[in-house]
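If you want the building blocks of each chain, they are given just below.
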Amino acid sequence: MMTQDEMKKKVAEAALAYVVEGSIIGVGTGSTANMFIDALASMKDKIKGTVASSEVTAERLRSHGITVLELNDALKQVNRLSVYIDGADEFDPQKCLTKGGGGALTREKIVAAASDKFVCIVDSTKQVDYLGAFPLPIEVIPMAETLVMGIAHQLGGKAQVREGFTTDNGNIIVDVTGLKITDAQALENDLNEVPGVVTNGIFAHQRADVILMGTPDGVETL
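Residues numbered from 1 in each chain as written. Predicted model: local features only at pLDDT ≥ 70, side-chain atom pairs only at ≥ 80, totals over all residues. Heavy atoms only, no water.

(A) Highlighting the sheet that holds strand β5 (residues 97–98). Read from one edge of the open sheet, three strands run β4-β5-β11, paired in antiparallel fashion. Looking at the sheet topology across the chains shown, the edges are occupied by β4 (90–91) and β11 (202–203). The pairing of β4 with β5 spans two bridges and is classified as antiparallel. What sits directly across from F91, in β5, is L97. (Pairing = 2+ DSSP bridges. Helix = DSSP H or I, 4+ residues; strand = E, 2+ residues; numbered from the N terminus.)

(B) The packing of aromatic side chains, seen in detail. By the definition in use, this model includes one aromatic pair. Seen from their ring centres, Y84 and F118 are 5.1 Å apart, and the 50° between their planes marks the pair as tilted. Within this pair, whereas Y84 is found in strand β3 (residues 84–86), its partner F118 is found in strand β6 (residues 118–123), the two being separated by 34 residues in sequence. Residue classification places Y84 among the buried positions, given a relative accessible area of 0%. Above the face of the F203 ring, K99 is positioned so that its terminal group lies 5.5 Å from the ring centre. (Phe/Tyr/Trp six-rings, centres within 6.5 Å; stacked < 30°, edge-to-face > 60°. Buried < 20%, exposed > 50% of the residue type's maximum accessible area, 1.4 Å probe, protein only. Lys NZ or Arg CZ within 6 Å of the ring centre and 35° of its normal.)

(C) Highlighting the pairing of strand β9 (residues 172–177). Summarising burial for β9: five of the six residues are buried, a large majority. Here five bridges tie strand β7 (residues 136–140) to β9, and the two strands are oriented antiparallel to one another. Within the sheet, the bridge partner assigned to P137 lies in β9 and is D175. Sheet topology note: the strand β8 (residues 158–161)/β9 ladder contains four bridges and is antiparallel. Within β9, the residue paired with V161 across the bridge is V174.

(D) Main features of the side chain of D89. Its location among the elements puts D89 in the loop between β3 and β4. It is K126 that comes nearest to the buried, bridge-free D89 among opposite-charge side chains, at 5.6 Å. Within the structure, the side chain of D89 is placed 3.2 Å from the backbone nitrogen of G100, a separation counted as a polar contact. Within the structure, the side chain of D89 is placed 2.9 Å from the backbone nitrogen of G101, a separation counted as a polar contact. Beyond its immediate sequence surroundings of up to four residues, D89 is in contact with T98, K99, G100, G101, K126 and F134. (Lys, Arg positive; Asp, Glu negative; His and termini not counted. Salt bridge = Lys/Arg side-chain N within 4 Å of Asp/Glu carboxyl O. Polar contact = N/O pair within 3.5 Å; in protein donor to acceptor, adjacent residues only side chain to side chain. Contact = heavy atoms within 4.5 Å.)

(E) View of the environment of K46. With respect to the element layout, K46 can be found in the loop between α2 (31–40) and β2 (49–52). Along the chain, K46 and V19 lie 27 residues apart, while their C-alpha atoms are 9.2 Å from each other. In this view, K46 contacts E21 and G22; residues no more than four positions away in its chain are not counted.

(F) Representation of the sheet that holds strand β13 (residues 218–221) in the model. Sheet architecture is open: six strands sit in the order β2-β1-β3-β6-β12-β13, paired in mixed fashion. Single-partner strands in this sheet number two, and they are β2 and β13. Here the strands of the sheet are splayed against their neighbours by 20° on average, with no regard to which way each runs. Bridge analysis of strand β12 (residues 210–215) against β13 gives four bridges, and the strand direction is antiparallel. Each residue of the ladder has a partner; that of M213, found in β13, is E220. On top of the sheet, α2 reaches β1 (24–27), β2, β3 and β6; it is set at about 150° to β1, its chief contact. (Axes fitted to C-alpha atoms, helices over the stretch in contact; angles between N-to-C directions.)

So, in structure tokens, the structure goes:
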């Protein structure tokens, strides 16, 4: 029986098939993305470079000698990134995701929006019927903390500020538990309309094009 880490490693290696040679690719944040970075090192000379969704990811890429570009610089060289490869905290049957357990949700969303294809790499524990089991992260400008927490409460959720954490953009994360998200796109829109919200961790507009799911029997493509 494969362990969760073994499933993650298999799915990270499977994602190499989606790397377009000679292009610039986007790379996400988190434990499965880290395994993808380690696998990407084997073909680093075949790509022009990468755009990282967090400082932590950029450091790991550089430690393998993989070129890291700022997104603005990359988009001056190419119209779009060829592919964005990242994990997720959970995904539903419509390929909508919850992301941001690592706190990089805003940059992840930006890089996903700048890419032609979003390949999501997960293990089978992340598959859900609807989003909400995993706490929904919201990146918030600190002044709006109490406002956003009040709105989360009105939605039936329980909100708390992530202790001792500041995003790469200098903001706080409010994590919301207890939501049953049946219309991911509507909730994503509604939360993003709240003044002071930078973005939230629902990826319905930037949902996955392909999900590679590691299972005890191997990698499934959804």
